[in-house]
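Overview (structure and organization)
The lines below spell out each chain.
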Amino acid sequence: DIRYIVDMYGGSPAFYRSATHGDRPVVYVYDSYHTPAHEWARVLSPSGIDTIRGGRYDAVVLALWVRGEQPQSNSGIEDFFVASHFDGAYTYFAGSRFAWASNPGNWR
């Protein structure tokens, strides 16, 4: 829960905040693709029913990018990121072509 993380750790100098994004906390969500986009949108969309946007808990929220498609649907991963309202994506695979998302040829 982002609210819990910010409340518990947000005051620590070790907690990363992005100066270029209004000093908002940066949150990397592991296995974010296991949760459907519409559920993320409840929290990450400015008009979501449980939104964190525009308030004390607003954060730069990054989804894990592993594959070229969203596992729970036939839509592409780009559609998933747009529908879910993540601020961006990350991959932690260091080797090129280890996973679909770590291949620079797939980056846009």
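A brief structural summary. (Residues numbered from 1 in each chain as written. Predicted model: local features only at pLDDT ≥ 70, side-chain atom pairs only at ≥ 80, totals over all residues. Heavy atoms only, no water.)

1. Brief notes about the pairing of strand 2 (residues 24-29)
Here 2 bridges tie strand 1 (residues 17-18) to strand 2, and the two strands are oriented antiparallel to one another. Within the sheet, the bridge partner assigned to S18 lies in strand 2 and is R24. As judged from the 4 bridges shared by strand 2 and strand 3 (residues 60-64), these two strands associate in the parallel manner. Its bridge partner lying in strand 3, V29 is registered against A63. Viewed along the sheet, the connection from strand 2 through helix 2 (residues 37-44) into strand 3 turns out right-handed. (Pairing = 2+ DSSP bridges. Helix = DSSP H or I, 4+ residues; strand = E, 2+ residues; numbered from the N terminus. Right-handed = clockwise from strand over helix to strand, strands pointing away.)

2. Structural notes on the pairing of strand 3
Within strand 3, 5 of the 5 residues are buried, leaving the element largely enclosed by the surrounding structure. Here strand 3 runs beside strand 4 (residues 88-90); their pairing, made up of 3 bridges, is parallel. Within the sheet, the bridge partner assigned to A63 lies in strand 4 and is A89. (Buried < 20%, exposed > 50% of the residue type's maximum accessible area, 1.4 Å probe, protein only.)

3. Some thoughts on the side chain of S84
Position of S84 among the secondary structure elements: in helix 3 (residues 77-84). Among the polar contacts made by the side chain of S84, one reaches the main-chain carbonyl oxygen of F81 at a distance of 3.2 Å. (Polar contact = N/O pair within 3.5 Å; in protein donor to acceptor, adjacent residues only side chain to side chain.)

4. Topic: the nonpolar core
Within soluble globular proteins, side chains that are nonpolar tend to cluster in buried spots. Among the nonpolar cores identified, the biggest contains 16 residues, and I52, V61 and F86 are the most heavily contacted of them. When residues of this core are assigned to their parent elements, the largest contribution, 3 residues, is made by helix 2. Those residues in contact with F86 that lie beyond four places of it in its chain are V29, S32, W40, L44, V61, L62, A63, F80 and F81. Core analysis: the next-biggest nonpolar cluster, separate from the first, contains 7 residues, V60, L62, V66 and Y90 among them. (Core = buried A, V, L, I, M, F, W, Y, C linked by side-chain atoms within 4.5 Å. Contact = heavy atoms within 4.5 Å.)

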